[in-house]
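# Summary of the model geometry
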Amino acid sequence: MTATRRDELTRPIVAWLAASLLMVVLLHARQQPLWVCGGFLALVLWRILHAWRGVPLPTRDHRMLWLLKHALAIGIFWVVYRRYGGVIGRDAGISLLVLLIGLKLLEMKSRREFVLIALLGFFLLVTAFFYSQSMPVALYALACVTALLGSLVAMAQPGRARSVGANLRLAGTLMLQAAPLMLIAFVLFPRPGSPLWSLPKDARRAISGLSEEMSPGELTRLTMSDAVAFRVAFSTNRPSAAEMYWRGPVLVKTDGRTWTPGDPSDRSAPAITAQGVRYSYSITLEPTNRPWIYALEHPSTVPRGTRLSRDLRVLSARPITDRIRYSAESYTQAWVAEADSEELRAALQLPPGAYPRTRALARQWRLEDRTDEGVVRRALQYFRNEPFVYTLSPAQIYGDPVDGFLFGARQGFCEHYASAFAVLMRAARVPARIVTGYQGGEYNPVGDYYIVRQRDAHAWVEVWLGHRGWVRVDPTAAVAPARVQRGIDQALPGLGATVGGTAADLAVDLAGWRELRYAYDALNNRWNHWVISYNARRQSAMFDDLGLSADWRALSLLLGAGLLLAGALLVAWSLRGRRAHGDAIARAYRRFCAKLARRGHPRAPYEGPMDYARRVSASLPAAAADITRITGLYARARYGQTSSAADAQALRSAVRRFAP
Amino acid sequence: MAPATVAGVRARAAAPPPPRIAGRVLPNRYGWLMLLVLGVMLLGSINYNNNLGYALTFLLMGVWAMAHVHGYRNLRGIEVLGARAAPVFVGEEAVFEVFLRNSGALAGRALAISAAGMVTTDAFEVAARGSHTARLSFPAQRRGVLPLPPLTIASAFPLAVCTARICWRGDVSVTVYPHPAGALPLPATDDPAAAVSGNTLSGDTDFAGLRAYRTGDSLRQIAWKALARERGLHVKRFAGGDAKQVELRLRDLQFIGDPETQLSQLARWVMDAERAGTSYSLDLDRVLLPTGIGEAHRDLCLQALAHYGSPS
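Here is what the cut-offs are and how they apply
Residues numbered from 1 in each chain as written. Chains lettered and ligands numbered in written order. Predicted model: local features only at pLDDT ≥ 70, side-chain atom pairs only at ≥ 80, totals over all residues. Heavy atoms only, no water. Helix = DSSP H or I, 4+ residues; strand = E, 2+ residues; numbered from the N terminus. Buried < 20%, exposed > 50% of the residue type's maximum accessible area, 1.4 Å probe, protein only. Contact = heavy atoms within 4.5 Å. Areas by Shrake-Rupley, 256 points an atom, 1.4 Å probe, with all protein chains shown as cover. Pairing = 2+ DSSP bridges. Axes fitted to C-alpha atoms, helices over the stretch in contact; angles between N-to-C directions. Parallel < 35°, antiparallel > 145°, perpendicular 65-115°, else oblique. Nonpolar A, V, L, I, M, F, W, Y, C, P; charged D, E, K, R; others polar. Buried area = accessible area lost by both parts, 1.4 Å probe. Salt bridge = Lys/Arg side-chain N within 4 Å of Asp/Glu carboxyl O. Polar contact = N/O pair within 3.5 Å; in protein donor to acceptor, adjacent residues only side chain to side chain. Patch = residues over 30% accessible without salt bridge, like charges linked within 9 Å, V, L, I, M, F, W, Y side chains within 5 Å. Phe/Tyr/Trp six-rings, centres within 6.5 Å; stacked < 30°, edge-to-face > 60°. Lys NZ or Arg CZ within 6 Å of the ring centre and 35° of its normal. Lys, Arg positive; Asp, Glu negative; His and termini not counted. Charge placed at Lys NZ, Arg CZ, Asp CG, Glu CD.

Looking only at helices and strands, chain A has 25 helices and 17 strands in total. Residue burial in chain A is summarised as follows: out of 660 residues, 50% are buried. In chain A, once contacts between residues fewer than 6 apart in sequence are set aside, the share between residues at least 24 apart is 71%. Entry remark: accessible area of chain A is about 31,500 Å², with carbon and sulfur atoms responsible for 58%.

Quick look at the pairing of strand β1 (residues 228-234) of chain A now. Regular strands place their side chains on alternate faces of the sheet. Residue and element names in this part refer to chain A. By the criterion of burial, β1 is predominantly enclosed, with 6 of the 7 residues buried. The pairing of β1 with strand β15 (residues 449-453) spans 4 bridges and is classified as antiparallel. For Phe 230, the partnering residue across the bridge sits in β15 and is Val 452. Relative to strand β4 (residues 272-285), β1 runs antiparallel, the two sharing 5 bridges.

Here we come to the environment of Val40(B). All names here are of chain B. The residue Val 40 is located in helix α1 (residues 29-48) in this model. The exposure class of Val 40 is partly exposed, given its relative accessible area of 41%. C-alpha of Val 40 to C-alpha of Thr 57: the two residues are 17 residues apart in sequence and 9.4 Å apart in space.

Our next topic: the packing of helix α12 (residues 401-409) of chain A against helix α13 (residues 414-427) of chain A. Axes are the key here: two packed helices are described by the angle between their axes and the distance separating the axes. Residue and element names in this part refer to chain A. It is at 10 Å that the axes of α12 and α13 come closest, and there the two elements cross at 100°. Put simply, α12 runs roughly perpendicular to α13. Listed contacts from α13 to Val 402, Phe 405 and Leu 406 of α12 are His 416, Tyr 417, Ala 420, Val 423 and Leu 424. Residues that form the contact of α12 with α13 fall into these classes: 7 nonpolar, 1 polar and no charged.

What follows is about the interface of chain A and chain B. Listed by partner, the interface residues are 71 residues for chain A and 53 residues for chain B. Where chain A abuts chain B, roughly 5,500 Å² becomes buried across the two surfaces, and 71% of that area is made up of carbon and sulfur atoms. Connecting chain A to chain B are 0 salt bridges. Summed over the shared surface of chain A and chain B, the number is 9 residue pairs in polar contact (both at pLDDT 80 or more). Of the residues forming the side of chain A that touches chain B, the biggest block, 11 residues, is contributed by helix α7 (residues 164-188) of chain A. Here the residues of the side of chain A that touches chain B are counted per class, giving 44 nonpolar, 14 polar and 13 charged.

Together, Tyr213(B), Leu219(B), Trp224(B), Leu227(B) and Leu233(B) make up an exposed nonpolar region whose accessible area comes to about 450 Å². Tracing the backbone shows Leu219(B) in the loop between β13 (207-212) and α5 (224-228).

All right, on to the packing of aromatic side chains then. All names here are of chain A. In this structure the tally under the stated criterion is 32 aromatic pairs over all chains. Where Phe 230 meets Tyr 438, the ring centres are 5.6 Å apart and the plane angle is 85°; that geometry is what we call edge-to-face. On the criterion of sequence distance, the pair formed by Phe 230 in strand β1 and Tyr 438 in strand β13 (residues 432-439) is long-range, its members being 208 residues apart. By relative accessible area, Phe 230 is classed as buried at 0%. Among the residues examined, Tyr 438 registers a relative accessible area of 2% and is labelled buried. Taken together, Phe 230, Phe 234, Trp 246, Tyr 279, Tyr 281, Tyr 294, Tyr 438, Tyr 443 and Tyr 450 form an aromatic cluster joined through their ring pairs. Lying over the aromatic face of Tyr 443, Arg 238 brings its terminal NZ or CZ to 4.3 Å of the ring centre. Lying across the ring of Trp 470, Arg 433 places its NZ or CZ 3.9 Å from the centre.

All names here are of chain A. The antiparallel open sheet is built from 3 strands, whose spatial order is β5-β9-β8. Of all the strands in the sheet, just β5 (292-293) and β8 (306-308) have a single pairing partner and so form its edges. Note that β8 and strand β9 (residues 314-316) share 3 bridges and pair antiparallel. In the sheet register, Thr 306 faces β9, and the bridge partner there is Ser 316.

Let us now look at a positive patch on the surface. Residues and elements named next belong to chain A. Residues Arg 591, Arg 598, Arg 629, Arg 656 and Arg 657 make up a contiguous surface patch of positive charge. Of all elements in the fold, only α22 (584-598) and α25 (645-657) reach the threshold of two or more residues within the positive patch. Turning to its location among the elements, Arg 591 is positioned in helix α22. On the accessibility criterion, Arg 591 (42% relative accessible area) is partly exposed.

Glancing now at unusual backbone geometry. Following Glu297(A), the chain continues into His298(A) via a peptide bond in cis, with omega recorded as -10°. With respect to the helices, strands and loops of the structure, His298(A) is situated in the loop between β6 (295-296) and β7 (299-301). At the junction of Phe157(B) and Pro158(B), the peptide bond is cis and its omega measures out at 5° in the coordinates. Positive phi, close to 65°, is recorded for Asn289(A), a residue that is not glycine. Relative to the helices and strands, Asn289(A) is located in the loop between β4 and β5. A residue is classified by how much of its surface remains accessible, and Asn289(A), at 28% relative accessible area, is partly exposed. Of note, the phi angle at Arg429(A) is positive, near 65°, even though the residue is not glycine. With respect to the secondary-structure elements, Arg429(A) resides in the loop between α13 and β13.

For the rest of this paragraph, the subject is the sheet that holds strand β16 (residues 279-283) of chain B. All names here are of chain B. On the basis of which strands lie adjacent, the open sheet formed by 3 strands has the order β15-β16-β17 and mixed pairing. Strands at the two margins of the open sheet, each flanked by one partner only, are β15 (245-249) and β17 (288-292). The average angle at which neighbouring strand axes cross in this sheet is 10°, direction not considered. Both β15 and β16 contribute to a ladder of 5 bridges, which runs parallel. Directly across from Arg 249, in β16, lies its bridge partner Asp 283. Together, β15 and β16 form the strand contacts of helix α6 (residues 259-276), whose direction differs from that of β15 by roughly 170°.

Here is the structure:
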């Protein structure tokens, strides 16, 4: 019994709620501007200072503070409006929500407001998943849920404050018991194929990745990113790293500086002539927001729902906004021997008047060497013999980007080499186009797949050699063979130091650390596959495998049935478990009777404990004292006025020692 | 989840469950609010096709449902054994003691008893296999019988989103005596001698011996010394004490105020006579209580006053 009023919020639970909300807001700190999180922290501190130090809250009693609060509310709307140009978008909405929860915390007085704020906390938590659904985020969110539920548990028990640990344990128990229901609902809840209403404009955040444009510095920027572009699992045999060219946008037009794709062609994909091994593999592609997917050069079978374009890219009907997994087949030793004159003409286009020195050099090669192959060879030799440097941080090039690179700086990254090479080829009347994509990949022995990261972005060139067709030439390989054979980390040893994030695994090349990282990535891959990428397609595929149709009606029925069954089991289990566990006293007495029964004196159904004790004592005089004592303990524990846990304990230990 | 019904909170083999007890677990307004928020979260998850959003929403829905099971379990072993209250005078607080027992193996947490939606106890806890006495006070405003309203034992444990309730309607009431009031002195005693002496206290001084205790004798007259000497329970007798007695008659008071005022005056007299040690009889026309003294007699008289005019 306590004197706490039912509607009163005690200091500990206010502090608890505030701390839980801080945890949730911390999850948003990566996306939200600093002033939002800082503002929230300030409001929380105000509330805490009120609870402990009596700092006044902005109520009507404190007119100035009260006005300040309203000014704050208006100010928040105004600032958010100014920053985002509206209050409707995702980021703006979350900024508003965070700050308004903070304000609400200030005026929280009753249990009603407490519950409302805790529920808003859950809502704020779910919005964090719009930014990241990674495993650490999920684990952290689980901790937030436990804290928020714990605050509700603490609030639901006014009066004697239970320990924080006990409340958290209860919250954890609730979550554990809810887990089966969650699993069933997660698997069976019918997933719609498309959004219910259009998403706000900023719902899809800008994602770093290859674009359909290449200008100097473009790929260099990508190499700063450690982010995974996609993961590839080969089904049987796998090509060497040097063969792994992951084909992306093909760039044909140039204005002298920037390369862009050629005119779209609706002609069907050209036939490829293939040799050697066919590799089949599946790729898990991270969202790109772009309408193409990546495949190993040269793709022969592309996934359903995509098509192969004229320049051998795999195009999808819609931008890839969610992580997808697809299978494809490719030959690494293949070439395309089909092109029409228009394509070839486009592959010779050069901006008039640009790069005079480069053109002169190419013309000279052309004069000295009649064959196209000879020109290609000469160009590669040129890159190899002249003091070219493969570097991420090339010296600034002034004036013409290609002339400046070839005859001045001579430092560059793959895009510099690719564009210079393509220009040289075109100037020598050899049709050439640039292919961008990724090259290589890091093998993960734990998960048996390759990780291709943004920093594996690469650019190479395809030249048209009349009798052989489009042939891949990688000028970067001439300058830095290691780049292609062993990957970018080996080619640029200093990369770790400049890129950051990879410093640890390059500088500290501990086998154990690497192993751990691979294991973590493999785990992530599983997580992505089983949890994050579970969608309508996978759902229906799963039900097809089981021979069930997966329309939403069937799913709803199954869902309802599953939840009912699981719910009934949970209820039955939690009630029955309690009963069996419940009566320690009766159990101890049953054990006592069982021991006597083994000596040939079972208790008759009609016999009360006292009668039984008298009868058995007479038959077993040696044990009579014990029998009398245990029966007395039982009677006191069971029927006594002041039965306590100590009595039950004494009975249990007496029965344990009892040996008639 | 469908609200669980706790009808027959504890089914025992030997004894049937106590009658007039029924309970249920239902979402309260916080529970509905939580469902609303979860609905919005589900819509957002659907629209963004966000699987962690789905997972969190479903997890919380499961927690919401399990909170009801826990709420049910929280009240599962709770029984009301009974209630009682000591008689009071009008204007006082009638305090009902409600005896609760928890036959379950789980503590009944954050319980509160409310009656007729007006009176609510503070939150309390009944330990597993423990018991608790809750006190509910009601203002006694009218003379007669104050029945204990139907009680609701409720708990919002563990998440505040649902309320588990047990209703108990016990056949318990408290007698409310009339408020002792009135300025009239005690009526004159019948015994002329005593009337002459006029001093009721003198009787106490002339000790006349002991007699065996009879039910209804005043505590003040018990011979405590004799009791201490283990000679049994005796009552001291005083010379002339027995002779002093008053007759308290309702009809004598017909000239003052309304019946309630008359009853109040009678109650006042009963208390005065008791304090003075004067034996008294009570004549309420239809009810006649013979002369006597002591707490039992006083209570009989006050009860007669309390029930005066009621049909039974």
